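Observations on the model geometry
Residue-level listing of the chains:
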Amino acid sequence: MREPKVWRKNEMEMELNMKYYIAIIVLWAGMAQAFAQQPRLKQADEYLAMTGQPDETKKSTEKQCNLLGTLYGENKRLILNLPDLQDVGTREVMPFGYKLNRASEVELTDANNNQGENNNLTESSVRTFFNKSIFSGVSYQLCDSVVYGITLFYDDHQHQRRAVIEKNLLRHFQQADYELEGVSVYSDPDYAVRLLPDKVEIYSLFHFPSVETLYPGVSHKVWYGPCRYETDGSSLMLAFYNQETKENNIQSAFNVSYKYPAGTSFKMTRIRFMLDDQTFEFPLEIEYTDISDDGKTLEERNTRTFLFPEELKAITRSQMINVELIGEEGQLLYKMPEFQRASAYTAYEYFRWNVTNPMIKYTRW
């Protein structure tokens, strides 16, 4: 009868020993974790001082390209003339999509003053017209030698030529997207136009270059567009893009930049897209704020908010798009102009072409 008692005693001792060992292991693990979270040792700083500091992360590289033009077949280019401004001289202007060659007698300058390793933006000097025109000259903006922007210059001492230009723009675009401090902006599915006191900037939305930002293993292809939406004292940049990884994983997203007078507060929290028959709402996080060099303007920036392809498709297909930016201290409501809608369209077109292209290998099924 005594043997079972001895057995139970040994069993209890083994159980206590096991708990003891487990407690020691947990304690050592906790000490190791606590040690790992301590500040860097002084010896590490001395070693870095002797051997050199670690390399700082290099700025991500950027390059510009006509994103839509790369999707529609090789050796095929869309040629687009200027809007009809009822001016004989402007009929001499090279069309959007025209590509310069060695025989082109156009003097070019670097649009970014030779900044950046992958800079491929150039602009021409101002050239005069052979035929009679209310404009004094024209210059071209090019990406990879392809015309995407045209600037027409004029002298308006008696304020008559601007009235003629504005009349012709209204005839083509019906109404301005906005007018602010001597600047009027017009857009339709083909063009974005900025009318200023001494020049008219005209851009082809199809040919306007996208910005590809390259990160390690990831690239962002963003279509910022030629304009921001401006109101009295504030402006909004809304840009759609695709995030693409080396595994050909593509996700659509957008970013928001809102600028307003310093000394006030907005603190954006949400954005709504109100379409024909539905509304999409997305939360926004202010990833950073920045103040302008003169200290007059404050910028809030959200750099990445993902959305589903079905939502991006609905935005591009809707007849009406109202945008509401909501902050803790106010809100901004406006009708999305065509130069912002083109950003969503470009992102969706790129997504469709690149997501379906891998299926080409199944054409023989």
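In short, a report on the structure.

Rules behind the numbers
- Every chain is numbered independently, its residues counted from 1 as its sequence is written.
- pLDDT decides what is reported in this predicted model: residues at 70 or higher carry local features, side-chain atom pairs at 80 or more are listed and counted, and totals for whole chains, interfaces and linings draw on all residues regardless.
- Just so you know, side-chain values use all the structure's heavy atoms and leave hydrogens and water out.
- Secondary structure follows DSSP: runs of H or I at least 4 residues long count as helices, runs of E at least 2 residues long count as strands, and numbering of each begins at the N terminus.
- Buried residues are those whose accessible area, probed at 1.4 Å on protein chains only, stays under 20% of the maximum for their type, while exposed residues exceed 50% and partly exposed ones sit between those limits.
- Any pair of residues with heavy atoms lying within 4.5 Å of one another is described as a contacting pair.
- Values of accessible area rely on a 1.4 Å probe in the Shrake-Rupley scheme; residue burial ignores everything except the protein chains shown.
- Only one rule defines a salt bridge in this text: a Lys or Arg side-chain nitrogen within 4 Å of an Asp or Glu carboxyl oxygen.
- Think of a nonpolar core as a cluster: buried Ala, Val, Leu, Ile, Met, Phe, Trp, Tyr and Cys residues, connected wherever their side-chain atoms sit within 4.5 Å.
- Under the counting rule used here, the positive set is Lys and Arg, the negative set is Asp and Glu, and His together with the chain ends is not counted.
- Contacts described as polar in this section are N or O atom pairs within 3.5 Å, which, within protein, must combine one atom able to donate a hydrogen with one able to accept it, while residues neighboring in sequence count only if both atoms come from side chains.
- Surface patches are drawn from residues lacking salt bridges whose relative accessible area is over 30%; two like charges belong together within 9 Å, two nonpolar side chains (Val, Leu, Ile, Met, Phe, Trp, Tyr) within 5 Å.
- At least two bridges found by DSSP between two strands is the condition for calling them paired.
- Axis definition: a line fit to C-alpha positions, over the contact stretch in the case of helices; interaxial angles, taken between N-to-C directions, run 0 to 180 degrees.

Summing up its helical and strand segments, the protein chain has five helices and 20 strands in all. Expressed as a percentage of its 365 residues, the buried residues of the protein chain come to 41%. Counting contacts in the protein chain only where the partners sit at least 6 residues apart, residues at least 24 apart contribute 56% of the total. In the structure as shown, the protein chain presents an accessible area of about 23,100 Å², 51% of it carried by carbon and sulfur atoms.

According to the stated counting rule, one finds 10 salt bridges in the structure shown. With its nearest N and O atoms 2.3 Å apart, the salt bridge here joins Arg-352 to Glu-349. Pair noted here: Arg-352 and Glu-349 are both in helix 5 (residues 338-356), with a separation of three residues, about one helical turn. With relative accessibility at 34%, the residue Arg-352 sits in the partly exposed group. Residue Glu-349 is classed as buried on the basis of its relative accessible area, which comes to 4%. Several salt bridges converge on common partners, so that one network encompasses Lys-63, Glu-212, Lys-221 and Glu-244.

Before going further, it helps to spend a moment on the nonpolar core. Residues Phe-240, Phe-254, Ile-271, Phe-273 and Leu-325 are the most contacted members of the largest nonpolar core, which totals 45 residues. Here the element with the most residues in this core is helix 5; it accounts for five residues. With residues near it in sequence (within four places) discarded, Phe-240 still touches Lys-221, Val-222, Trp-223, Ala-253, Phe-254, Phe-273, Leu-307, Leu-312, Ile-315, Ser-343, Ala-344 and Ala-347. One finds Phe-135, Leu-142, Val-147 and Val-193 within the second-largest nonpolar core, a separate group that totals 26 residues.

Attention shifts here to the side chain of Asp-156. Among the secondary structure elements, Asp-156 is positioned in the loop between strand 5 (146-153) and helix 3 (161-173). The buried charged residue Asp-156 lacks any salt bridge, with Arg-161 as its nearest oppositely charged partner at 5.9 Å. Here Gln-160 takes part through its backbone nitrogen, which lies 2.9 Å from a polar atom of the side chain of Asp-156. Ignoring anything within four residues of it in the chain, the contact list for Asp-156 reads Arg-161, Arg-162 and Pro-197.

A contiguous nonpolar patch, built from Tyr-72, Tyr-345 and Trp-353 and spanning about 280 Å² of accessible area, is present on the exposed surface. Looking at the secondary structure, you find Trp-353 in helix 5.

Its identity as a non-glycine residue notwithstanding, Gln-86 has a phi of 55°, on the positive side. Structurally, the position occupied by Gln-86 is in the loop between strand 1 (61-65) and strand 2 (108-110). With a phi close to 55°, Asp-144 is a non-glycine residue in the positive phi region. Within the element layout of this structure, Asp-144 appears in the loop between strand 4 (137-143) and strand 5.

Looking now at the sheet that holds strand 15 (residues 268-274). Taken together, four strands build an open sheet; the order of strands is 16-15-19-20 and the sheet is antiparallel. Each edge of the sheet is formed by a strand with only one pairing partner; in this case those strands are strand 16 (279-283) and strand 20 (330-335). Across the sheet, the mean angle separating the axes of adjacent strands is 15° when strand polarity is ignored. Two elements, strand 15 and strand 16, share five bridges in a ladder whose sense is antiparallel. By the bridge assignment for strand 16, Arg-270 is matched with Pro-283.

Looking at chain direction, strand 17 (residues 288-291) and strand 18 (residues 297-306) are connected through four bridges and run antiparallel. The partner of Thr-289 across the bridge, within strand 18, is Glu-300. Linkage of strand 17 to strand 18, two consecutive antiparallel strands, is achieved through a turn of five residues, within which Gly-295 is found at a positive phi near 75°.

As for its position among the elements, Gln-141 is in strand 4. On the basis of relative accessible area, Gln-141 is assigned to the buried category, the value being 10%. Through-space distance from the C-alpha of Gln-141 to that of Tyr-203 is 9.0 Å; in sequence the pair is 62 residues apart. Ignoring anything within four residues of it in the chain, the contact list for Gln-141 reads Thr-122, Glu-123, Val-146, Val-147, Tyr-148, Gly-149, Ile-150 and Thr-151. Of the polar contacts made by the side chain of Gln-141, one reaches the side chain of Thr-151; its length is 3.5 Å.

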